Amino acid sequence: METRQNLHIVGGSSRSRAEQAYLGFDLGYHCEVYADTSELLSYNPVRGVVLAYDDPDRGGVARVLRALAVDGKWLPVVGTSFEPRPGRVVEAIKAGALDYLSLPLREERLGDAIARIGCEADAYAEARRKMVEARNRIAALSPREREVLDWLAEGCSNKMIARELSISPRTVEIHRANMMTKLGAEHPSQAVRLRMEAHLEGGARIVAG
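Residues numbered from 1 in each chain as written. Predicted model: local features only at pLDDT ≥ 70, side-chain atom pairs only at ≥ 80, totals over all residues. Heavy atoms only, no water.

**A few points about empty space enclosed by the protein**
Move 1: Taken as a whole and judged by the stated rule, the model has 1 cavity of 30 Å³ or more.
Move 2: Quantified by volume, the largest cavity comes out at close to 30 Å³.
Move 3: Contributing to the lining of the largest cavity are L65, L68, A69, K73, W74, L75, Y124 and R128.
Move 4: Listing elements by their share of the lining of the largest cavity, those giving two or more residues are α3 (60-70) and α5 (107-139).
Move 5: When residues of the lining of the largest cavity are assigned to their parent elements, the largest contribution, 3 residues, is made by α3. (1 Å grid on protein atoms, 1.4 Å probe; cavity = no way out; pocket = protein on both sides within 12 Å on 5 of 7 lines; lining within 4 Å. Points joined across faces, edges and corners; volume = space filled by probe spheres on them. Helix = DSSP H or I, 4+ residues; strand = E, 2+ residues; numbered from the N terminus.)

Shown next as structure tokens:
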């Protein structure tokens, strides 16, 4: 017997949450509604998809994703809002949302999104867990150690990094050793892989010439 997909509907007005739940029930999903993320976490969800209302006054979808991560929950999250602005959609996707739906929900759009996410849920959960853990490790680095990591990810040698940062190669070696210890990396490739898993934007900029 096929297990019904769980939809956790979070935030927004009670009327909007009810409308989303009715549509979910019609599509054969099991739906739960929560006033906010705290209420969601109090019920200790272990599976399903979170439909999170993107309220910028309350931190938006990014805040929901952070709260889930802090609680060790790696559920896939879909942002929702009325007349979503492109900037809000981009911000939510960058934060880790797998999709973004306009309210009121449309049956076909919701069904397609949930079907796709259902196939990706396990891979998403593992990737999200690795990303958060990597970001937490990198956050422990000093600004200089972070710069060394960024340049290392660009394939630069100690001498090249020293030149770009206007410090001695020996100083680079010290920062690099400290960085490796904090990241728990035994080889530079492991440190670079952590940075990739963290999906960090920006970083070192190669200067031509």
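**Brief notes about the pattern of salt bridges**
Move 1: Counted under the stated rule, the structure contains 12 salt bridges.
Move 2: One salt bridge connects E147 with R144, and the closest N-O pair in it is separated by 2.8 Å. Remark: R144 and E147 occur in helix α6 (residues 143-153); sequence separation between them is 3 residues, near one turn of the helix.
Move 3: Taking relative accessible area as the criterion, R144 reaches 29% and is therefore assigned partly exposed.
Move 4: Taking the shortest distance from any N to any O, the salt bridge between R146 and D150 comes out at 3.0 Å. One end of the pair, R146, and the other, D150, are both in helix α6, 4 residues apart, so they sit about a helical turn from each other.
Move 5: It is possible to trace a salt-bridge network through shared partners that takes in D54, R88 and E91. (Salt bridge = Lys/Arg side-chain N within 4 Å of Asp/Glu carboxyl O. Buried < 20%, exposed > 50% of the residue type's maximum accessible area, 1.4 Å probe, protein only.)

**As for helix α8 (residues 169-183)**
Move 1: Across its 15 residues, α8 extends 21 Å between first and last C-alpha, which sits within 8% of the 21 Å expected from 1.5 Å per residue.
Move 2: All of the buried residues along α8 are V172, H175, M179, M180 and L183. An end-on view of α8 places all buried positions within 135° of arc, on one side of the element. Residues of α8 that are exposed and point more than 90 degrees away from the buried face comprise R170 and T181.
Move 3: One or two residues past the end of α8 sits G184, with phi positive at roughly 70°. (Expected span 1.5 Å × (residues − 1). Arc of directions from axis to C-beta.)

**Digging into the confidence of the model for the chain**
Move 1: For the chain, per-residue confidence averages 88 on the pLDDT scale, and 93% of positions sit at 70 or higher.
Move 2: When the criterion is pLDDT under 50, residues 202-209 qualifies, and its contacts beyond four places in sequence or with other chains add up to 11 contacts. (pLDDT = per-residue confidence, 0-100. Contact = heavy atoms within 4.5 Å.)

**Overview of the sheet that holds strand β3 (residues 49-53)**
Move 1: Spatially, β2-β1-β3-β4-β5 is the arrangement adopted by the 5 strands of the open sheet, whose pairing is parallel. With partners counted over all chains shown, the strands left at the sheet margins are β2 (30-34) and β5 (99-103), one partner each. Between one strand and the next, the sheet's axes are offset by a mean angle of 25°, whatever the strand orientation.
Move 2: Summarising the sheet, strand β4 (residues 77-82) and β5 pair through 5 bridges and their orientation is parallel. Within the sheet, the bridge partner assigned to T80 lies in β5 and is L101.
Move 3: Helix α1 (residues 14-26) rests against β1 (6-10), β2, β3, β4 and β5 of the sheet, and its axis sits at about 170° to β2. (Pairing = 2+ DSSP bridges. Axes fitted to C-alpha atoms, helices over the stretch in contact; angles between N-to-C directions.)

**Looking at the packing of α6 against helix α7 (residues 158-165)**
Move 1: Relative to each other, α6 and α7 sit at 125°, their axes nearing to 10 Å. Taken as axis vectors, α6 and α7 run oblique relative to one another. Classified by chirality, the crossing of α7 by α6 is right-handed. Here α6 contributes R144, E147, V148, W151 and L152 to the contact with α7, which in turn contributes I161, E164 and L165. (Parallel < 35°, antiparallel > 145°, perpendicular 65-115°, else oblique. Left-handed = near helix turned anticlockwise from the far one by under 90°.)

**Quick look at the pairing of β1**
Move 1: Summarising burial for β1: 5 of the 5 residues are buried, a large majority.
Move 2: Burial of the side chains of β1 extends over both faces: N6, H8 and V10 are buried on one face and L7 and I9 on the other.
Move 3: With 5 bridges connecting them, β1 and β2 associate as parallel partners. Paired with L7 across the two strands is C31, which belongs to β2.
Move 4: Crossover connection from β1 via α1 to parallel β2: handedness right-handed.
Move 5: Of the strand pairs in this sheet, β1 and β3 are connected by 4 bridges, and their pairing is parallel. Bridged to I9 within β3 is L51. (Right-handed = clockwise from strand over helix to strand, strands pointing away.)

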